[in-house]
Amino acid sequence: MSMPGDPAQPDPEDCRGTMSAKEDAKWLQWVTHQFETIAGEDREIDLQEFKTALKVKESFFAERFFTLFDSDGSGTITLRELQEALTLLIHGNPMDKLQFLFQVYDVNGNGSIDADELRTVLQSCLRESAISLPGEKLDQLTLALFESADKDCSGDITFEELRDELQRFPEVMENLTISAAHWLKPPTIQRHLRPHRPRPLTSAYWHSHQSQLLCLATYMGLHVLLFALAASAHRALGISVMVAKGCGQCLNFDCSFIAVLMLRRCLTWLRATWLAQVLPLDQNIQFHQLMGYVVVGLSLVHTVAHIVNFALQTQSKSSPFQFWELLLTTRPGIGWIHGLASPTGVALLLLLLLMFACSSSCVRRSGHFEVFYWTHLFYLPMWILLILHGPNFWKWLLVPGILFFLEKAIGLSVSRIAALSIVEVNLLPSKVTHLVIKRPPLFNYRPGDYLYLNIPTIARYEWHPFTISSTPEQKDTIWLHIRSEGQWTNRLYESFKASDPVDCDSKRLSRSLRRRRSHWRPQVSEMFPENHQFCNIKCYIDGPYGTPTRRIFASEHAVLIGAGIGITPFASILQSIVYRYQKRKRVCPSCQHSWTEGIQDNDMKLHKVDFIWINRDQRSFEWFVSLLTKLEMDQAEETPEGRFLEMHMYMTSALSKNDMKAIGLQMALDLVAKKEKKDSITGLQTRTQPGRPDWNKVFQKVAAENKGKVQVFFCGSPALAKVLKVHCEQFSFRFFQENF
């Protein structure tokens, strides 16, 4: 996306020259250092050393650059030759840089570019961008660019013809003025400049985190109060006992309330009430993690304080017990039940440290989710030990414990009341398993909700959360798209890939015929029939549970951002949006003119939806393309101004537009897209943009549309979430993150 700079924001064009000069000087210094490091005693480098020095991956471009830099044709490059060539790129005007680009494309050096040379260049661009296209499509791209540039139909492209063709693409000509550092080495991810003040001290941060900060302040204030009351009640027993009792009272609250934050049914119910506007329900997991850290910290301080107290008692010679007896046995009679306080305290600390270690992100996200899952079930023995350890803990646990066990009992009864069936399985690209599950009666959910899935043939006792990717308006089935990333998900994918799954229905033709006659909806599997199976596998589900994406339909202008498999929550949402939009559509019976009623209702207040999907490579787009194609077809009759859904695709492995090597490829892709009305990479009408989004430009364009209050919904990596949060604060957009 591109648009003129917003007056309220600094225009990057104003500082382009300064930034490029600094960037070029730093880059030239880096190149000189690389050369001096690699060059031998002769102070020259050959082709292989040149590739290593400048980190140019594609052999074609490395060879072309090397040939052009080797001015004397000796087969080696001296530091002087390298610096002269790079100085031309740094200080030369756009025509000098264009001449260099022409020489790169002119492989045989005869002063013109023929079709075969252009094809070789485009093929190398595709390889470096990790784009796989059939040979026919490559020929089509080559001919499209060649015929457009060869104005005199001579069969060759001259420098003047290439210059005239480039002038038809203003953004390409603009790239001829950018830093030379972007020409030979792909740009690294630029870190955003830090604000003058620390981010938590900015007014934008406080405005967008009001509810979280208020709850955090209340939480801290409650701990100070509990600690002070407990410590003051035991001030006669010494400082170590005061600290231990103060921490113990805080632990009474934390160890009971920490479970409330994971009551998914209660949280789902609260999301439908006015409390969702006051309480930070979307941050329940973050608060749960914070309380976990606090519990570990307070437990360590609590333990150390008791150890100090025991050491002081044994040193006073008035105690008949040794230190190890006070710490590990029931003989001293410490505690309210048979002197169990000390041994239960040791057991509690060991269990807590084990849970804490197995809850780290390196365990959860490294394919060992089962370790996290099973060790987290230690909360049951921990609660029992806490009741035996402290005389007042059962009072704190009474209400949260009843709520917790009621929710567990309801969930167990609902999920196990009847087994469901997986009726279809589709193995999609990027190791995505698409499950089609028979929808149970009274299973009512909203777009973006998730459920817990148990498949006994994969793992009898394991439940895993997955977002529902089908729309609620689809009455017969539920869709799940599951990316293979952990042990359980890999076993699921491999079990269907290896052979026919367990309990697969052999009467597939009869089943298919019945569904076709009952107006069965077409599935994504139509694109991948060889990986499509009908089956009848028993499974259980628990849910549905709500997420932050429930707010989308109450937004006026929603920006949906998905990275990789983070697209899954938006699959259901996009389908539901189109369905509701179609319900508003009216057709004149006389002239067949169609229009959309502009009335707003409680179900949907949306005026505009921007959908942004960022993927690493081309294959990651394939499994979701069929749905996106349908969404585009549903809007085909609308004028560009009247379309409520706008899609933006980004492929990060592709060479970005400010990379010299990508200029020809991007021009060819643009020409073919305009001719065929679809993108060559995905087949969609929406053009796939290379590289990463320029979030400043993206949000400037969103703000300039004035479609109403903007809310941004994101599902993807935490690193990208931090970047988006900063931009949302700058533009006063509300930001919501889906945890997955």
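Structure first, text after, so check above.
Residues numbered from 1 in each chain as written. Predicted model: local features only at pLDDT ≥ 70, side-chain atom pairs only at ≥ 80, totals over all residues. Heavy atoms only, no water.

1. Some details on the nonpolar core
In this structure, Phe-69, Ile-552, Leu-560, Phe-570, Phe-611 and Leu-628 are the most contacted members of the largest nonpolar core, which totals 80 residues. Beyond its immediate chain neighbours, meaning those up to four positions away, Ile-552 contacts Ala-558, Leu-560, Phe-570, Ile-573, Ile-577, Leu-606 and Phe-713. If you look at the next biggest cluster of nonpolar residues, it comprises 27 residues, including Phe-287, Val-296, Leu-386 and Leu-397. (Core = buried A, V, L, I, M, F, W, Y, C linked by side-chain atoms within 4.5 Å. Buried < 20%, exposed > 50% of the residue type's maximum accessible area, 1.4 Å probe, protein only. Contact = heavy atoms within 4.5 Å.)

2. Some remarks on the packing of helix α12 (residues 210-233) against helix α13 (residues 239-257)
Contact geometry of α12 with α13 gives a least axis separation of 8 Å together with a crossing angle of 135°. In this view, α12 runs oblique relative to α13, as classed from their interaxial angle. When you trace α12 past α13, the crossing you get is right-handed. Each of Tyr-219, Leu-222, His-223, Leu-226, Phe-227, Ala-230 and Ala-231 in α12 lies in contact with α13, whose residues at this interface are Met-242, Val-243, Lys-245, Gly-246, Cys-247, Gln-249, Cys-250, Phe-253 and Asp-254. Partitioned by chemical class, the residues of the contact of α12 with α13 number 11 nonpolar, 3 polar and 2 charged. (Axes fitted to C-alpha atoms, helices over the stretch in contact; angles between N-to-C directions. Helix = DSSP H or I, 4+ residues; strand = E, 2+ residues; numbered from the N terminus. Parallel < 35°, antiparallel > 145°, perpendicular 65-115°, else oblique. Left-handed = near helix turned anticlockwise from the far one by under 90°. Nonpolar A, V, L, I, M, F, W, Y, C, P; charged D, E, K, R; others polar.)

3. A closer look at unusual backbone geometry
With a phi close to 55°, Cys-153 is a non-glycine residue in the positive phi region. Take Cys-153: it is sitting in the loop between α7 (135-149) and α8 (159-166). The phi torsion at Asn-706 lies on the positive side, around 55°, for a residue other than glycine. Here Asn-706 shows up in the loop between α27 (695-705) and β15 (710-715).

4. Description of the side chain of Ser-112
Take Ser-112: it is sitting in the loop between α5 (94-105) and α6 (115-128). Under the relative-accessibility criterion, Ser-112 is labelled buried at 11%. With residues up to four places along the chain from it excluded, the contact list for Ser-112 reads Phe-102, Asp-106, Glu-117, Asp-156 and Ile-157.

5. Topic: the pattern of salt bridges
Taken as a whole and assessed by the stated rule, the structure comprises 12 salt bridges. The shortest N-O distance in the salt bridge between Arg-265 and Asp-542 comes to 2.6 Å. Of the two residues, Arg-265 sits in helix α14 (residues 264-271) while Asp-542 sits in strand β8 (residues 532-545), which places them 277 residues apart along the sequence. In this structure Arg-265 comes out as partly exposed when scored by relative accessible area, which is 21%. Its relative accessible area of 10% is what places Asp-542 among the buried residues. Note that Lys-608 and Asp-610 form a salt bridge whose closest N and O atoms lie 3.6 Å from each other. You can call Asp-610 buried: its relative accessible area is 1%. (Salt bridge = Lys/Arg side-chain N within 4 Å of Asp/Glu carboxyl O.)

6. Let's talk about the packing of aromatic side chains
Considering all chains together, one arrives at 23 aromatic pairs under this definition. Note on Phe-404 and Phe-405: the rings are 5.7 Å apart at their centroids and 90° apart in plane angle, and the pair reads as edge-to-face. Taking the relative accessible area as the measure of exposure, Phe-404 reaches 7% and is therefore buried. For Phe-405, a relative accessible area of 45% gives the class partly exposed. Consider the rings of Tyr-450 and Tyr-545, whose centres lie 5.6 Å apart with planes at 40°: the pair is tilted. Of the two residues, Tyr-450 is situated in strand β5 (residues 450-454) and Tyr-545 in strand β8; the sequence distance between them amounts to 95 residues. Taken as a pair, Tyr-450 and Tyr-545 share a single burial class, namely buried. By the ring-pair criterion, three or more aromatic residues cluster together here, those being Tyr-219, Phe-253, Phe-257 and Trp-396. Sitting over the face of the ring of Tyr-545, Arg-264 holds its NZ or CZ atom 5.1 Å from the ring centroid. (Phe/Tyr/Trp six-rings, centres within 6.5 Å; stacked < 30°, edge-to-face > 60°. Lys NZ or Arg CZ within 6 Å of the ring centre and 35° of its normal.)

7. Describing helix α26 (residues 663-676)
Counted at 1.5 Å a residue, the expected span for α26 with its 14 residues is 20 Å, and the 20 Å between its end C-alpha atoms agrees. With 11 of 14 residues buried, α26 lies mostly within the body of the structure. The set of residues buried in α26 consists of Ile-663, Gly-664, Leu-665, Gln-666, Met-667, Ala-668, Leu-669, Asp-670, Leu-671, Val-672 and Ala-673. Lys-677 sits one or two positions beyond α26 and adopts a positive phi of about 65°. (Expected span 1.5 Å × (residues − 1).)

8. What to know about the sheet that holds strand β13 (residues 645-651)
Ordered in space as β14-β13-β12-β9-β15-β16, the 6 strands form an open sheet in which the pairing is parallel. Each having just a single partner strand, β14 (688-690) and β16 (734-738) make up the two edges of the open sheet. The mean angle between the axes of side-by-side strands here comes to 20°, regardless of whether they run parallel or antiparallel. Note: strand β9 (residues 557-563) against strand β12 (residues 608-615), 7 bridges, orientation parallel. Following the sheet pairing, Gly-562 is matched in β12 by Trp-613. In this fold helix α25 (residues 625-634) packs onto β12 and β13, with an angle of close to 145° to the strand it touches most, β13. (Pairing = 2+ DSSP bridges.)

9. Some details on α27
Of all the residues in α27, the buried ones are Trp-695, Asn-696, Val-698, Phe-699, Gln-700, Lys-701 and Val-702. Of the surrounding elements, those touching the buried residues of α27 are β9, β12, β13, β15 and α28 (718-731). Asn-706 occupies a position one or two residues after α27 and carries a positive phi of about 55°.

10. A closer look at the environment of Asp-150
Tracing the backbone through its elements, the reader meets Asp-150 in the loop between α7 and α8. A residue is classified by how much of its surface remains accessible, and Asp-150, at 7% relative accessible area, is buried. For Asp-150 and Glu-165, which are 15 residues apart along the polypeptide, the C-alpha to C-alpha distance reads 8.8 Å. The residues touching Asp-150, leaving out its near neighbours within four places in the chain, are Gly-155, Asp-156, Ile-157 and Glu-161.

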